[in-house]
Amino acid sequence: MLFLLLAVTAQAQIGDTTYRLSDPMQEQRAREIGKELRCLVCQNQSIEDSDASLARDLRRIVREQVEQGASDEQVMRFVHERYGDFVLLRPPFKWSTLLLWATPALALLGGLIAIWRARRMAAPAGIGPTELTEAERQRLAALQGDPKA
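Everything numeric in this text was worked out from a predicted model, so none of it was measured.

Here is what the cut-offs are and how they apply
- Residues numbered from 1 in each chain as written.
- Predicted model: local features only at pLDDT ≥ 70, side-chain atom pairs only at ≥ 80, totals over all residues.
- Heavy atoms only, no water.
- Core = buried A, V, L, I, M, F, W, Y, C linked by side-chain atoms within 4.5 Å.
- Buried < 20%, exposed > 50% of the residue type's maximum accessible area, 1.4 Å probe, protein only.
- Helix = DSSP H or I, 4+ residues; strand = E, 2+ residues; numbered from the N terminus.
- Contact = heavy atoms within 4.5 Å.
- Axes fitted to C-alpha atoms, helices over the stretch in contact; angles between N-to-C directions.
- Parallel < 35°, antiparallel > 145°, perpendicular 65-115°, else oblique.
- Left-handed = near helix turned anticlockwise from the far one by under 90°.
- Nonpolar A, V, L, I, M, F, W, Y, C, P; charged D, E, K, R; others polar.
- Phe/Tyr/Trp six-rings, centres within 6.5 Å; stacked < 30°, edge-to-face > 60°.
- Lys NZ or Arg CZ within 6 Å of the ring centre and 35° of its normal.
- pLDDT = per-residue confidence, 0-100.

## What to know about the nonpolar core
The biggest cluster of nonpolar side chains holds 17 residues, and the ones touching the most others in it are Leu37, Val62 and Val66. Mapped onto this core, the elements with two or more residues apiece are α2 (24-34), α3 (53-67) and α4 (72-83). If we ignore the near neighbours within four places in the chain, the residues touching Val66 are Leu21, Gln26, Arg29, Ala30, Ile33 and Val75.

Right under this line is the structure:
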């Protein structure tokens, strides 16, 4: 039973070997290409990191293209033409992807504006450092054990 348990975990470490290429150089190229392609199901993983069935299909397509002798650019273009800009983990900069590229800057700007407004609103509301009254000073001195209190 222990042997079976270890065999299952070893298989999980190896990953999906169904569509591995026999040539190690081609397999390495296919993996590098796959790391540049987004899983359309997971959306935050490359097809090499995803276990989704669509990612497996895309890995198979990439490996078939590599095995047929296509260059890296040809494989990327092949997949890009069929699935659009979203399949690329680094989409090209153009008008249709402008919002995608601008989102981090817009989020930073929005955060800075929110901080600025929060600080601006806090000052008139009386939030911040204030002076102690004479009674509060005497009470504080008494609590600290000051003999003058």
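## Here's the deal with the packing of α3 against α4
Between two packed helices, what matters for the description is the angle formed by their axes and the separation of those axes. Following both chains from N to C, one finds α3 and α4 inclined at 140 degrees, their axes separated by 9 Å at the closest point. Judged by the inter-axis angle, α3 sits oblique to α4. The handedness of the crossing between α3 and α4 comes out as right-handed. Together, Leu58, Ile61, Val62, Gln65 and Val66 of α3 and Val75, Phe78, Val79 and Tyr83 of α4 make up the contact between the two elements. Looking at side-chain class alone, the contact of α3 with α4 contains 8 nonpolar, 1 polar and no charged residues.

## Points about the packing of aromatic side chains
Tallied over the full model, the rule gives 0 aromatic pairs. Above the ring of Phe86, the side-chain terminus of Arg38 is found at 4.7 Å from the ring centroid. Against the face of Phe78 rests Arg82, its NZ or CZ located 3.6 Å from the ring centre.

## Focus on the confidence of the model for the protein chain
When the pLDDT values of the protein chain are averaged, the result is 81; 81% of them are 70 or greater. In the model of the protein chain, helix α1 (residues 2-14) stands out as the element of lowest mean pLDDT, 54, in contrast to α4, which has the highest, 91. Taken together, the stretch residues 10-15 has pLDDT below 50 and engages in 2 contacts with residues farther than four places along the chain or on a different chain.

## Details of the packing of α2 against α3
At a closest axis distance of 9 Å, the pairing of α2 and α3 adopts a crossing angle of 135 degrees. With respect to α3, the element α2 is oriented oblique. Where α2 crosses over α3, the handedness of that crossing is right-handed. Here α2 contributes Gln26, Glu27, Arg29, Ala30, Arg31 and Ile33 to the contact with α3, which in turn contributes Val62, Arg63, Val66 and Glu67. Tallied by class, residues from the contact of α2 with α3 come to 4 nonpolar, 1 polar and 5 charged.

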